[in-house]
Amino acid sequence: MSTKTKATTDMTFEDFKNEVLNDYKIATTSRECSLLGRREVLTGKAKFGIFGDGKEVPQLAWAKVFKNGDFRSGYYRDQTLMMAIDKLNIQQFFAGLYAHTSIEADPMSAGRQMGGHFGTHSLDDNGEWKNLTEQKNSSADISPTAGQMPRLLGLAQASKIYRHVNGIDTTKFSVKGNEIAWGTIGNASTSEGLFFETINAAGVLQVPMVISIWDDEYGISVHAKHQTTKENISEILKGLQRDDDNKGYEILKVNGWDYSALIDTYQKAEKIAREEHVPVMIHVVELTQPQGHSTSGSHERYKSKERLEWEAQYDCIVQMRQWMVNNNIATEDELDALDKDIKKSVRDGKKAAWNAYLQPILEEQTQTIHLIEAVAESSANKVFISKICNDLKEIKEPGRKDVLSAARKTLRYLVGEDSNEKGALQNWINNYINEVQPKYSSHLHSESDSSVLNASEVEPAYDNDAEMVDARLILRNNFDAIFNTYPEALIFGEDSGNIGDVNQGLEGLQEKYGELRVADAGIREATILGQGIGMAMRGLRPIAEIQYLDYILYALQIMSDDLATLQYRTKGKQKAPLIVRTRGHRLEGIWHSGSQLGGIINLVRGIHVLVPRNMTKAAGFYNTLLECDEPALIIECLNGYRLKEKMPNNIGEFKTPIGVVETIKEGTDITLVSYGSTLRIVEQTAKELLEVGIDAEVIDVQSLLPFDINHDIVKSVAKTNRLMVIDEDVPGGASAYILNEIVNTQNAFQYLDSQPKTLAAQPHRPAYGTDGDYFSKPSAEDIFEAVYDVMHEMSPIDFPKLR
């Protein structure tokens, strides 16, 4: 049911008529899905509805110029485009609404996202890249307003890289950089900072990006007068319009109900973006939203009578239909008959989707009823169990929650009883959870052969006379090896290019590899992340540099909502193996303290968070990740670039394992666990503790996410019987997370003879200066005394109170 335009010279009137009728059929099918979808939400079969009604005709025009290899990064009202490019059918539309957990039934997300969130499959069943140039692509949507914009920038920039950087194997990813990244956004969402940041960056970078702004004058219930200066986004962005002397945007404006003008506009936009690599903004005005914002409210409550009357008249499908009649393409009767057929098709598709969703659950319900009935017959609590069973039987359209809940509640009445029937029910529950839980929880991380968990460690090797060098040189030489080995690798960020980053870890590499591969970026952290996400989704291996860990907060929403969830929300059908490079820890001041890890690790599940103690370890992490297919955040120690480390002789080859801890010093009295810059202080303090008879074991976490996958720390606690976690995050932050992992996940509590302790920073940001750092974060004396106090509690005679 796709829509496409033939060359005008090849088209007869009959061809033209058939194309228009096909377009009308797509638009009307999409509209009917919206209308029926809303009813399904109101009946409770679907839980939330946000639909593309009112935006159908512009998306027909867009579909005509959307080519194989192109990418969409959109807004949750683009269902007509997806139908028009043959990436969404009626049954799949409703399967998504019903949260069908089959990736075949709901190829968008296997029931993990709400309706209106669309994506295509970039990966095969083994997690390997498909040929993206042979298909039309949609990056998986997210709901946060304007959150799709930063990723859009990266999707477009990939085409620029593929067009201008030599040596990359582009077979599956690009045809001479001719691909366009198409974005969509609602007019109200252009008020978001992410929109302006992306628009500015795309104008600077000059990438093939076309952004469609669907303008229906409202954002939820709030009129444009409260959203946008002059109530007109294209008017206020006129300064971005390119001219003879300045690069910029091409800005186009078109009525959203004018079928022929829309086609002309999108053809013009495509030509400019595809051939010239100039970004284009299409302001699509005079659109409507017939059902209001979503099923949570009625637009009659906030639109005037006059506005509602205008919307009824200028509904894009109504206008297209009238245009077709006026131009003798179809009669009213023919279109009425077509409408009737479409309504039936949508109803049939909806029914098929619901039956396909419900049937396996009905079978599971029947199995559970038989098991509960059997166990009731042999139980002293038959009357109570039978009520659970009867209640389950009464549910005509059960969910898996109903089925499993009934089975688990039944077990409560079988405590103290023993029977074959009880054993059968227990086994069924355990097997059911093992089978069903992954339908909702799999693919937080890669499950392919390229998972980081399959990477093997390669230790740094050293010559006998290995030189002690500034640690930054190990990073620099390693990046040099990376860029020489991986032509698809590139790095960009604030000060990353010309000066080789603020700590000279990229010194001289821009001159060697060019401004596209080692690039400076503006002060715009969110879109630096977005560049990385989009390029990684198109087969490149970007390293996005955020100058300091503190600045990650600007990009944390993108990391959390988009990058961290990508594998999960597509059930392993898309990936973005982006490496985020930053630096933090122990700089003396509020805004460069770089230790807010408690917040980060709880917001970016799905991204590996790595905290190397030195630059050799950091370099090894980069090498490991480039052989894998997962995203990660690497936090280099800010005060470690000028410290001396031995230069390995296998630069670019050694690999630091991810999720594996390292014992820095063995001991027998207490296990001290830390990471990053604080680890060095702990290590020094452990030597001082020996002077008073305390032999501490020191363990470097190295990786916060994942954490100690081999459970090596609990082995240490089993030996020392005491535990302290030290870091420079706030109390209750990363140290609390680490303690929970050791005590609860690894069950170290059974080996403890003393209360496990955490030693963290003060609850405020660190004060400025050396003294500010000393009184804000754990010092060597703090660590010494905290460990000594643990030993004093154990043996006051051997360790008299210090103070």
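Just above sits the structure.
Reference entry: report on the structure contained in this document. Bear in mind the structure is a predicted one, so any value in this text is a computation, not a measurement.

What counts and what doesn't
Residues numbered from 1 in each chain as written. Predicted model: local features only at pLDDT ≥ 70, side-chain atom pairs only at ≥ 80, totals over all residues. Heavy atoms only, no water. Helix = DSSP H or I, 4+ residues; strand = E, 2+ residues; numbered from the N terminus. Rg over C-alpha atoms; globule rule 2.2 N^0.38 Å. Buried < 20%, exposed > 50% of the residue type's maximum accessible area, 1.4 Å probe, protein only. Contact = heavy atoms within 4.5 Å. 1 Å grid on protein atoms, 1.4 Å probe; cavity = no way out; pocket = protein on both sides within 12 Å on 5 of 7 lines; lining within 4 Å. Points joined across faces, edges and corners; volume = space filled by probe spheres on them. Nonpolar A, V, L, I, M, F, W, Y, C, P; charged D, E, K, R; others polar. Pairing = 2+ DSSP bridges. Axes fitted to C-alpha atoms, helices over the stretch in contact; angles between N-to-C directions. Salt bridge = Lys/Arg side-chain N within 4 Å of Asp/Glu carboxyl O. Polar contact = N/O pair within 3.5 Å; in protein donor to acceptor, adjacent residues only side chain to side chain. Right-handed = clockwise from strand over helix to strand, strands pointing away. Phe/Tyr/Trp six-rings, centres within 6.5 Å; stacked < 30°, edge-to-face > 60°. Lys NZ or Arg CZ within 6 Å of the ring centre and 35° of its normal. Parallel < 35°, antiparallel > 145°, perpendicular 65-115°, else oblique. Left-handed = near helix turned anticlockwise from the far one by under 90°. Core = buried A, V, L, I, M, F, W, Y, C linked by side-chain atoms within 4.5 Å. Patch = residues over 30% accessible without salt bridge, like charges linked within 9 Å, V, L, I, M, F, W, Y side chains within 5 Å. Areas by Shrake-Rupley, 256 points an atom, 1.4 Å probe, with all protein chains shown as cover. Disulfide = S-S within 2.5 Å.

1. Concerning the overall build of the chain
When its secondary structure is counted, the chain shows 26 helices and 22 strands. Taken over the C-alpha trace, the chain has a radius of gyration of 30 Å; the compact-globule value for 803 residues is 28 Å, and the two agree within 12%. Its C-alpha atoms give the chain principal-axis dimensions of about 100 × 85 × 45 Å. Burial statistics for the chain: of 803 residues in total, 59% are counted as buried. The contacts in the chain between residues at least 6 apart in sequence include a share of 78% that link residues at least 24 apart.

2. Focus: empty space enclosed by the protein
Rolling a probe over the atoms, with the probe sized like a water molecule, indicates the empty space that remains. Counted according to the given criterion, the structure contains six cavities of 30 Å³ or more. The space that makes up the largest cavity amounts to roughly 90 Å³. Along its surface, the largest cavity is lined by 14 residues, and F93, G96, G115, G116 and F118 are the ones closest to its centre. Here the lining of the largest cavity is built from residues that sort into six nonpolar, seven polar and one charged. The space that makes up the second largest cavity amounts to roughly 60 Å³. If you trace the second largest cavity, you find 13 residues lining it, with L563, L566, Q567, G606 and P631 closest to the centre.

3. Quick notes on the sheet that holds strand β21 (residues 723-726)
Spatial strand order, β17-β19-β18-β21-β22: five strands in an open sheet with mixed pairing. Either end of the sheet is taken by a strand with one partner, and the two such strands are β17 (662-665) and β22 (757-759). For this sheet, the mean angle separating the axes of adjacent strands, direction not counted, is 25°. Strands in contact with helix α22 (residues 676-690) are β17, β18 (670-674), β19 (696-700) and β21; relative to β19, the strand with the most contacts, it is inclined by about 165°.

4. Re the pattern of salt bridges
A full pass over the atoms with the stated rule returns 51 salt bridges. When the shortest N-O distance is used, the salt bridge between R307 and E311 registers 2.9 Å. Separated by four residues within a single helix, R307 and E311 lie in helix α9 (residues 305-314), roughly one turn from each other. Of the residues examined, R307 reaches a relative accessible area of 10% and is grouped as buried. A residue is classified by how much of its surface remains accessible, and E311, at 5% relative accessible area, is buried. A salt bridge links E364 to R400; its shortest N-O distance comes to 3.1 Å.

5. Some words on the side chain of R72
Among the structural elements, R72 can be located in strand β1 (residues 71-73). When near neighbours in sequence (up to four residues on either side) are disregarded, R72 contacts W62, F66, D78, L81, M82, F118, N137, S138, S139, D141, L155 and W182.

6. Focus: unusual backbone geometry
Here L705 and P706 are connected by a cis peptide whose omega angle stands at 0°. In this model, D501 sits at a positive phi of 75°, which is unusual for a non-glycine residue. Under the relative-accessibility criterion, D501 is labelled buried at 0%. Despite not being glycine, D708 has its phi angle at roughly 40°, a positive value. Within the secondary structure layout, D708 lies in the loop between β20 (703-705) and α23 (712-720). With a relative accessible area of 1%, D708 lands in the buried category.

7. Considerations on the side chain of S674
Within the secondary structure layout, S674 lies in strand β18. S674 sits in the buried class, given a relative accessible area of 0%. At 2.7 Å, the side chain of S674 and the backbone oxygen of I726 are in polar contact. Other than its neighbours up to four places away in sequence, S674 contacts L679, V682, I699, D700, V701, I726 and D727.

8. Some details on the pairing of strand β7 (residues 250-255)
The side chains of a regular strand alternate between both faces of the sheet. When β7 meets strand β8 (residues 280-285), the two strands line up parallel, connected through six bridges. From the neighbouring strand, E250 faces β8, where its bridge partner is V280. Viewed along the sheet, the connection from β7 through helix α8 (residues 259-276) into β8 turns out right-handed.

9. Re the packing of aromatic side chains
Summed over the entire model, instances satisfying the criterion amount to 31 aromatic pairs. Ring geometry for W62 against W182: centres 6.4 Å apart, planes inclined by 45°, an arrangement best described as tilted. Separated by 120 residues along the polypeptide, W62 in helix α2 (residues 56-63) and W182 in strand β3 (residues 181-186) bring together distant segments of the chain. In this arrangement the basic side chain of K303 is found over the ring face of Y218, its NZ or CZ atom lying 5.4 Å from the centre.

10. Concerning the pairing of β18
A large share of β18 lies buried, amounting to five of its five residues. Side chains I670, L672 and S674 of β18 all project onto a buried face; the interleaved residues T671 and V673 project onto the opposite face, where all are buried too. Judged from the five bridges that link them, β18 and β19 form a sheet pairing that is parallel. The residue of β19 that forms the bridge with L672 is V698. Considered for its hand, the β-α-β crossover made up of β18, α22 and β19 is right-handed. Sheet topology note: the β18/β21 ladder contains three bridges and is parallel. Within the sheet, the bridge partner assigned to V673 lies in β21 and is V725.

11. Here's the deal with the environment of P360
For P360, the position within the fold is in helix α11 (residues 332-377). In sequence terms P360 and Q684 are 324 residues apart; their C-alpha atoms lie 61 Å from each other.

12. Structural notes on the packing of helix α5 (residues 148-164) against helix α17 (residues 525-536)
The geometry of α5 relative to α17 is characterised by a closest axis approach of 6 Å and an angle of 55° between their N-to-C directions. Classified by the interaxial angle, the pair formed by α5 and α17 is oblique. Crossing of α5 over α17 shows right-handed handedness. Where α5 abuts α17, its residues P150, R151, L153, G154, L155, Q157, A158 and I161 lie against A526, T527, G530, Q531, I533, G534 and M535. By residue class, the composition of the contact of α5 with α17 is eight nonpolar, six polar and one charged.

13. Digging into the nonpolar core
Within the largest apolar cluster, 127 residues are counted, with the highest numbers of intra-cluster contacts made by F479, F483, L597, L704, I738 and I742. For this core, the element with the most residues is α5, which contributes eight residues. With residues near it in sequence (within four places) discarded, L704 still touches L597, I601, V609, V611, Y675, Y737 and I738. Membership of the second largest hydrophobic core comes to 84 residues, among which are I50, V65, I180 and V210.

14. As for a nonpolar patch on the surface
A cluster of nonpolar side chains, V383, F384 and Y413, forms an exposed patch at the surface whose accessible area comes to about 290 Å². Relative to the helices and strands, Y413 is located in the loop between α13 (400-412) and α14 (420-441). Given a relative accessible area of 31%, Y413 falls into the partly exposed group.

15. Focus: the environment of K268
Looking at the secondary structure, you find K268 in helix α8. For the pair K268 and A632, spaced 364 residues apart in sequence, the C-alpha to C-alpha distance is 40 Å.

16. Some thoughts on the state of the cysteines
Counted by the stated rule, this structure contains zero disulfides. This cysteine, C33, is not joined by any disulfide, and C316 carries the nearest cysteine sulfur, 15 Å off. Taking the relative accessible area as the measure of exposure, C33 reaches 0% and is therefore buried.

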